[in-house]
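Tertiary structure, described
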Amino acid sequence: MQRPNAAQYAYGSAVVVLATAALLLLTGATAPLGIAVACLAGLLLGVLVAVTMPPGTRPVKSPADTGARTGNDAVRVPAAQVGAGADTRTGP
C-alpha cells in the first residue's frame, strides 16, 4: 500500500470535520453515546474518502526517456578547476 499524499490527508481531514459537524447538527445528539456514534461515523467517512481518492502520480524521468539531446547538451565538458587565487599570483 502506498503512503497517502498531502491531498488525501487534507480531503480526509476535511470530511471528518464537516461530516461530524453535520451529523451532530442534524441529529441533535446530546447524549455521550450519540456524540460518540456521530464522531465515529465522521471518522469512518473521512478514512473512506482518503482511501478511495486516486493517488496523484507524477511522471518519473528515466534515462531511457531522455531521447536525443541537441545543442550544448549533446557533449558535456567539465569546467576547469580554478584555485582560490594562490596559484594565479603574478607578483612576488
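See the structure above.
Residues numbered from 1 in each chain as written. Predicted model: local features only at pLDDT ≥ 70, side-chain atom pairs only at ≥ 80, totals over all residues. Heavy atoms only, no water.

1. Some points on the overall build of the protein chain
The cut-off we apply is this: Numbering of helices and strands starts at the N terminus; helices are DSSP runs of H or I of at least 4 residues and strands are runs of E of at least 2. Relative accessible area decides the class of each residue, using a 1.4 Å probe on protein chains only: under 20% of the type maximum gives buried, over 50% gives exposed, and in between gives partly exposed. Method for areas: the Shrake-Rupley scheme with a 1.4 Å probe, in which residue coverage is limited to the protein chains shown.
Summing up its helical and strand segments, the protein chain has two helices and zero strands in all. Counting across all 92 residues of the protein chain, residues that qualify as buried make up 9%. Accessible area for the protein chain stands at about 8100 Å²; split by element, carbon and sulfur atoms hold 66% of it.

2. Topic: helix α2 (residues 32-52)
As a reminder of what qualifies: Each residue after the first adds 1.5 Å to the expected span of a helix. Every residue pair with non-hydrogen atoms within 4.5 Å of one another is taken to be in contact.
Given a rise of 1.5 Å per residue, 21 residues ought to cover 30 Å, and the 30 Å separating the end C-alpha atoms of α2 matches this to within 8%. Residues of α2 that are buried sit in contact with α1 (6-27).

3. Thoughts on α1
Let me state the cut-off plainly: The arc in question is the one spanned by the directions pointing from the helix axis to the C-beta atoms.
Between the first and last C-alpha of α1 there are 31 Å, a value that for 22 residues agrees with the 32 Å anticipated at 1.5 Å per step. All of the buried residues in α1 are Gln8, Gly12, Ala19 and Thr20. The arc that holds every buried residue of α1, seen down its axis, measures 100°, which confines them to one face. Opposite the buried face of α1, by more than 90 degrees, sit the exposed residues Ala6, Tyr11, Val17, Leu18 and Leu25. Each element contacted by the buried residues of α1 is listed here: α2.

4. What about the environment of Thr20?
Secondary-structure assignment places Thr20 in helix α1. Remark: the alpha-carbon pair of Thr20 and Leu45, spanning 25 residues in sequence, is separated by 9.2 Å. Sequence-distant contacts of Thr20, that is, excluding residues within four places in its chain, are made with Val15, Ala38, Cys39 and Gly42.

5. Some remarks on the side chain of Gln8
Assignment of secondary structure puts Gln8 in helix α1. Not counting chain neighbours up to four residues away, the residues in contact with Gln8 comprise Arg3, Ala50 and Met53.

6. Comments concerning the packing of α1 against α2
Going by this rule: Convention adopted: a line fitted to C-alpha atoms gives each axis, helices being fitted over their contacting stretch, and angles between N-to-C directions are expressed from 0 to 180 degrees. When an angle is under 35 degrees it counts as roughly parallel; over 145 it counts as roughly antiparallel; between 65 and 115 it counts as roughly perpendicular; any other value is oblique. It is the rotation of the near helix from the far one that decides the hand of a crossing: anticlockwise by less than a right angle makes it left-handed, clockwise makes it right-handed. Residue polarity is assigned by list, with Asp, Glu, Lys and Arg as charged and Ala, Val, Leu, Ile, Met, Phe, Trp, Tyr, Cys and Pro as nonpolar; anything else, Gly included, falls into the polar class.
Viewed as axis vectors pointing N to C, α1 and α2 meet at an angle of 150°, and their least axial separation amounts to 7 Å. With respect to α2, the axis of α1 lies roughly antiparallel. In the crossing of α1 with α2, the sense of the turn from one axis to the other is right-handed. Contact with α1, carried on its side by Gln8, Tyr11, Gly12, Val15, Val16, Ala19, Thr20, Leu23 and Leu24, involves Ile35, Ala38, Cys39, Ala41, Gly42, Leu43, Leu45, Gly46, Val49 and Ala50 of α2 and no other residues of that element. Among the residues making up the contact of α1 with α2, the classes are represented as 14 nonpolar, five polar and no charged.

7. Some thoughts on a nonpolar patch on the surface
The criterion, for reference: Patches were defined on residues exceeding 30% relative accessible area and lacking a salt bridge, with like-charge contacts within 9 Å and nonpolar side-chain contacts (Val, Leu, Ile, Met, Phe, Trp, Tyr) within 5 Å. For salt bridges, the criterion is a side-chain nitrogen of Lys or Arg within 4 Å of an Asp or Glu carboxyl oxygen.
Nonpolar side chains collect at one region of the surface, where Leu40, Leu43, Leu44, Val47 and Val51 lie side by side and expose about 470 Å² of accessible area between them. Assignment of secondary structure puts Leu43 in helix α2. On the basis of relative accessible area, Leu43 is assigned to the partly exposed category, the value being 44%.

No statement about biological role is implied by the geometric values presented.
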